Structures are given as C-alpha cells and as structure tokens.
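# Per-entry structural report
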Amino acid sequence: MRSTDVRVRDVFFEYEDFRYRTPIKFGGTALDRVTLLNVRMAVECGAGRSAIGFGSMPLGNVWAYPSRALTYDQTLGAMRYLASRVAEDYRVCGLSGHPVDITHRLEPELLLAGADFTALRQLADPVPKLAVLVVASAFDAALHDAYGKLHGLNCYRTYTREFLPENLDRYLGAEFAGLHLGDFVSRSPKPAM
C-alpha cells in the first residue's frame, strides 16, 4: 500500500425525492419527479488518517433504464436495489489504492449486480449497464471526494503521477499506452466556461 492509497472504511447512502412544479418531457416521457441518490463514503489511509466524501446523482431511470415492458417505479426500484448492492460491494471490497484503481478493480462486481437483479426478478428488460454505471457514479464521486479531502486537495489535483502512477493503458487498453490521466486534466480551474 502506497502512502497515498486509501481503503474504504464505510459507506452510507440515502435518497431524496422531489416533485417538479411542472412536468418536463424527457426521452419521450413526461416526468413530474426525480430521486437523488446521495452517498457518503469514509476512507482511511495506512497512517490511520480518515476523511468522508460526498457524491450525488439523480437516478435518471427514464434514460438510464428505458423500458416499454417495465413501469417507472419498477425501473427506479431496480436502481434503488443496485444502490444497496453497490454500497455493500464498496463496503466489503477490502481494496486499497487511488479511487481510479479501486473502482476499476471493483467494476466487474458492480456490473454483476445488474445481471443478478435481472435474473432474480426475471425482468422482461434486463438492467442495462448504463443504469448500473449511473448508480455507481454517486459512490465513485464520494470516493474521489474523500480521497481529495484526505490529501487536502481538490480531487482533480490527485490525478497526477504522484497519486496515480499507472498509465491509462492499464484501464483503457493498449491504444492508451504512454498516456496518463494527469495529461488530460487541467491543473487550474478555468475562470469561465
């Protein structure tokens, strides 16, 4: 374990439900509500220091899990189930490293959660990979936030070789050999977009 590595200590999540004042049409469906998945993740490093990070993501089941056979509540329910499964996967994984390393190694297990739920419920439309990734993104964001807080940095400043020594080919394949994530992330925020 490198001195900059972390291990997940605990995971907490909750939902916030909001009704829109006026329905909006998204993906051909009129929506009058949204459910947010809010995640807090506690991490610790080898020296015993710890931090808690926060991540949030709308559970956009209309676009992440489109279905003509399942209702809005059924696809939202599947994504809520996935949140409990992803939380447990992070909580018990025992992995240490940079957040990119941890989530990369955990991703096959996270994707399996969607397949397991599809088989368990014998769903007419299987849980799409996108639905799993949308749910997992709130946990990943919380992990990156906690990592940055532990090191006293904005998490975007932890994508350098000092914190993440591996090149992108480790995560994305041989065509990314010699490239590093830090080469593509601006060190300073832009004053305007």
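Presented here is an overview of the structure given in this document. (Residues numbered from 1 in each chain as written. Predicted model: local features only at pLDDT ≥ 70, side-chain atom pairs only at ≥ 80, totals over all residues. Heavy atoms only, no water.)

Let us look at empty space enclosed by the protein. In the structure shown here, the tally under the stated rule is one cavity of 30 Å³ or more. Here the largest cavity is characterised by a volume of approximately 40 Å³. As for the largest cavity, its lining consists of Tyr156, Arg157, Tyr159, Thr160, Gly182, Val185, Ser186 and Arg187. A class-by-class count of the residues in the lining of the largest cavity yields three nonpolar, three polar and two charged. (1 Å grid on protein atoms, 1.4 Å probe; cavity = no way out; pocket = protein on both sides within 12 Å on 5 of 7 lines; lining within 4 Å. Points joined across faces, edges and corners; volume = space filled by probe spheres on them. Nonpolar A, V, L, I, M, F, W, Y, C, P; charged D, E, K, R; others polar.)

Residue position: Ser96 is located in strand E4 (residues 96-97). Classification of Ser96 by relative accessible area gives buried; the value is 19%. Residue contacts for Ser96: discarding those within four places in its chain leaves Met1, Val6, Arg7, Ile102 and Arg105. (Helix = DSSP H or I, 4+ residues; strand = E, 2+ residues; numbered from the N terminus. Buried < 20%, exposed > 50% of the residue type's maximum accessible area, 1.4 Å probe, protein only. Contact = heavy atoms within 4.5 Å.)

If you check helix H2 (residues 72-92), its first and last C-alpha atoms are 31 Å apart, about what 21 residues at 1.5 Å a residue would give, namely 30 Å. All of the buried residues in H2 are Tyr72, Thr75, Leu76, Ala78, Met79, Leu82, Ala83, Arg85, Val86, Ala87, Asp89 and Tyr90. Just beyond H2, the residue with positive phi is Gly94, at close to 70°. (Expected span 1.5 Å × (residues − 1).)

Moving on, we come to the layout of surface pockets. The space that makes up the largest pocket amounts to roughly 470 Å³. For the largest pocket, the lining is made up of 20 residues, of which Val100, Thr103, His104, Asp140 and His144 are closest to its centre. As a volume, the second largest pocket reaches approximately 230 Å³. Of all the elements in the fold, those that place two or more residues in the lining of the second largest pocket are strand E2 (29-45), helix H1 (61-64) and H2. Examining the composition of the lining of the second largest pocket, we find that five residues originate from one element, E2, more than from any other.

Opposite charge on two side chains lets them pair, provided their charged atoms get close. Considering all chains together, one arrives at 15 salt bridges under this definition. With its nearest N and O atoms 3.7 Å apart, the salt bridge here joins Arg2 to Asp101. Of this pair, Arg2 sits in the segment before strand E1 (6-26) while Asp101 is found in helix H3 (residues 99-121), placing the two residues 99 residues apart along the sequence. Classification of Arg2 by relative accessible area gives partly exposed; the value is 32%. Using a relative accessible area of 4% as the deciding quantity, one classes Asp101 as buried. Where Glu166 meets Arg170, a salt bridge forms, and the shortest distance between an N and an O atom there is 3.2 Å. What emerges from the salt-bridge pattern is a single network uniting Arg2, Asp5, Asp101, Glu166 and Arg170. (Salt bridge = Lys/Arg side-chain N within 4 Å of Asp/Glu carboxyl O.)

Counting 44 residues, the largest nonpolar core has Met41, Tyr90, Val135 and Phe139 as the members making the most contacts within it. Elements that contribute at least two residues to this core include exactly E1, E2, H1, H2, H3 and helix H4 (129-150). Ranked by the residues each element gives to this core, the list is headed by H4, at twelve residues. Excluding residues within four positions of it along the chain, Val135 makes contact with Leu37, Leu59, Met79, Leu82, Ala83 and Val86. (Core = buried A, V, L, I, M, F, W, Y, C linked by side-chain atoms within 4.5 Å.)

What follows concerns the sheet that holds E2. Sheet architecture is open: four strands sit in the order E3-E2-E1-E4, paired in antiparallel fashion. Either end of the sheet is taken by a strand with one partner, and the two such strands are strand E3 (50-58) and E4. Bridging between E2 and E3 involves nine bridges; their strand directions are antiparallel. Considered in E3, the bridge of Leu36 is made with Pro58. Contacts between H2 and the sheet are confined to E1 and E2, with E1 contributing the most and set at about 165° to the helix. (Pairing = 2+ DSSP bridges. Axes fitted to C-alpha atoms, helices over the stretch in contact; angles between N-to-C directions.)

Applying the stated criterion across every chain yields a total of six aromatic pairs. Relative to Phe163, the ring of Tyr147 lies with its centre 6.1 Å away and its plane at 80°, an arrangement referred to as edge-to-face. Taken together, the positions of Tyr147 in helix H4 and Phe163 in the loop between H4 and helix H5 (169-172) put the pair 16 residues apart, joining distant regions of the chain. Residue classification places Phe163 among the buried residues on the basis of a relative accessible area of 5%. When the ring of Tyr156 is compared with that of Tyr159, the centres are 5.7 Å apart and the planes differ by 90°; the resulting orientation is edge-to-face. On the basis of relative accessible area, Tyr156 is assigned to the exposed category, the value being 52%. Linked through ring pairs, Phe13, Tyr15, Tyr90 and Phe139 together constitute an aromatic cluster. (Phe/Tyr/Trp six-rings, centres within 6.5 Å; stacked < 30°, edge-to-face > 60°.)

Read these as layout, nothing more, since geometry by itself doesn't imply function.
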